[in-house]
Amino acid sequence: MNWHKSDNFAPLVLVFHGQQKYRQIRSLRQMAEVLIVAWPSFDGEEYLMAAKICLDAHLGTCSVNEARIALIRAAAEANIPVITVVPTISDEQSSVVEGGVSLVKGVHSA
């Protein structure tokens, strides 16, 4: 798998405190960079799992989507808000709908 490849990696934005507040993640490479360079704590269980799954996805032993889910879980563990766009699943869940896509803000479980 190519680190730069963004196919199948649904974009998300992590909201950090500090100078570079918003970090858009569109690929495994960007995921690896944020985990290594910008993460506030390197000892959480979900953080370590996200780092491992990111490498596994790079090696092709798990999916890019599994890596994305692991990143969202690690963000929740570290109290890092996540902004993501997800397809509308039901009318109940779509409070804000633009072009058939529901905009969901905040940390959520995948």
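Residues numbered from 1 in each chain as written. Predicted model: local features only at pLDDT ≥ 70, side-chain atom pairs only at ≥ 80, totals over all residues. Heavy atoms only, no water.

### Some words on the overall build of the protein chain
Let me state the cut-off plainly: Each helix corresponds to a stretch of at least 4 residues labelled H or I by DSSP, and each strand to a stretch of at least 2 residues labelled E; elements are numbered beginning at the N terminus. Residue burial is assigned from relative accessible area. The probe radius is 1.4 Å, only protein chains are included, and a residue is buried under 20% of its type maximum, exposed over 50%, and partly exposed in between. Residue contacts are counted whenever heavy atoms from the two residues lie within 4.5 Å of one another. Working definition of accessibility: Shrake-Rupley area with a 1.4 Å probe, residue cover restricted to the visible protein chains.
Tallying secondary structure elements over the protein chain gives three helices and five strands in all. When the helices and strands of the protein chain are listed from N to C terminus, the series reads β-β-α-α-α-β-β-β. Counting over 110 residues, the protein chain shows a buried share of 34%. Residue pairs in contact within the protein chain that sit at least 24 positions apart in sequence constitute 47% of those at least 6 positions apart. Here the protein chain has roughly 6,800 Å² of accessible surface; of this, 52% comes from carbon and sulfur atoms.

### Structural notes on the packing of helix H1 (residues 28–38) against helix H3 (residues 64–77)
Rules: Each axis is a line fitted through C-alpha atoms, and for a helix only the stretch in contact is used; angles between axes span 0 to 180 degrees, taken between their N-to-C directions. Orientation is classified from the angle alone, with under 35 degrees giving roughly parallel, over 145 giving roughly antiparallel, 65 to 115 giving roughly perpendicular, and any other angle giving oblique. Take the far helix as your reference; a near helix turned counterclockwise from it by less than a right angle gives a left-handed crossing, and one turned clockwise gives a right-handed crossing.
Where H1 contacts H3, the two axes come as close as 11 Å, and the packing angle between them is 30°. The orientation of H1 with respect to H3, classified from their angle, is roughly parallel. The way H1 lies across H3 gives a crossing that is left-handed. Every residue of H3 that contacts H1 at Leu-28, Met-31, Val-34 and Leu-35 is listed here: Val-64, Ala-67 and Leu-71.

### Some details on the pattern of salt bridges
Rule in force here: Here a salt bridge means any side-chain nitrogen of Lys or Arg lying within 4 Å of a carboxyl oxygen belonging to Asp or Glu.
All chains considered together, the criterion is met by two salt bridges. Ionic pairing is found between Glu-33 and Arg-29, a salt bridge with its closest N-O pair at 2.9 Å. With Glu-33 and Arg-29 both in helix H1 and four residues apart, this pair spans about one turn of that helix. Judged by its relative accessible area of 36%, Arg-29 falls in the partly exposed class.

### Here we look at the nonpolar core
Our working rule: Think of a nonpolar core as a cluster: buried Ala, Val, Leu, Ile, Met, Phe, Trp, Tyr and Cys residues, connected wherever their side-chain atoms sit within 4.5 Å.
Of all hydrophobic cores here, the largest spans 26 residues; its most connected members are Leu-14, Met-31, Trp-39 and Leu-71. Of all the secondary structure elements, the ones that give two or more residues to this core are strand S1 (12–15), H1, helix H2 (45–59) and H3. If one sorts the elements of this core by residue count, H3 sits on top with seven residues. When residues no more than four places from it in sequence are discounted, the contact partners of Leu-14 are Lys-21, Tyr-22, Arg-23, Ile-25, Val-34, Trp-39, Leu-71, Ala-75, Ile-80, Pro-81 and Val-82.

### Structural notes on the pairing of strand S2 (residues 22–25)
Cut-off, in case you're wondering: Strand pairing follows a simple DSSP-based rule, namely that at least 2 bridges must link the two strands.
The side-chain alternation of S2 yields one buried face, formed by Arg-23 and Ile-25, and one unburied face, formed by Tyr-22 and Gln-24. Of the strand pairs in this sheet, S1 and S2 are connected by four bridges, and their pairing is antiparallel. Counted as the bridge partner of Leu-12 is Ile-25 from S2.

### Observations concerning H1
Our working rule: Directions are taken from the helix axis to each C-beta atom, and the arc is the one they span.
For H1, every residue scored as buried is listed here: Leu-28, Met-31, Ala-32, Val-34 and Leu-35. All buried residues of H1 fall inside an arc of 165° around its axis, so they share one side. Contact partners of the buried residues in H1: S1, S2, H2 and H3.

### Here's the deal with the confidence of the model for the protein chain
Basically, it comes down to this: pLDDT expresses how confident the predictor is about each individual residue, on a scale running from 0 to 100.
This prediction gives the protein chain a mean pLDDT of 79; 71% of its residues lie at or above 70. When pLDDT is averaged over each helix and strand of the protein chain, the minimum, 38, is found for strand S4 (residues 97–98) and the maximum, 96, for H2.

### Things to note about the environment of Glu-45
Counting through the fold element by element, Glu-45 comes out in helix H2. For the pair formed by Glu-45 and Arg-73, sequence separation is 28 residues and the distance between their alpha carbons is 9.9 Å.

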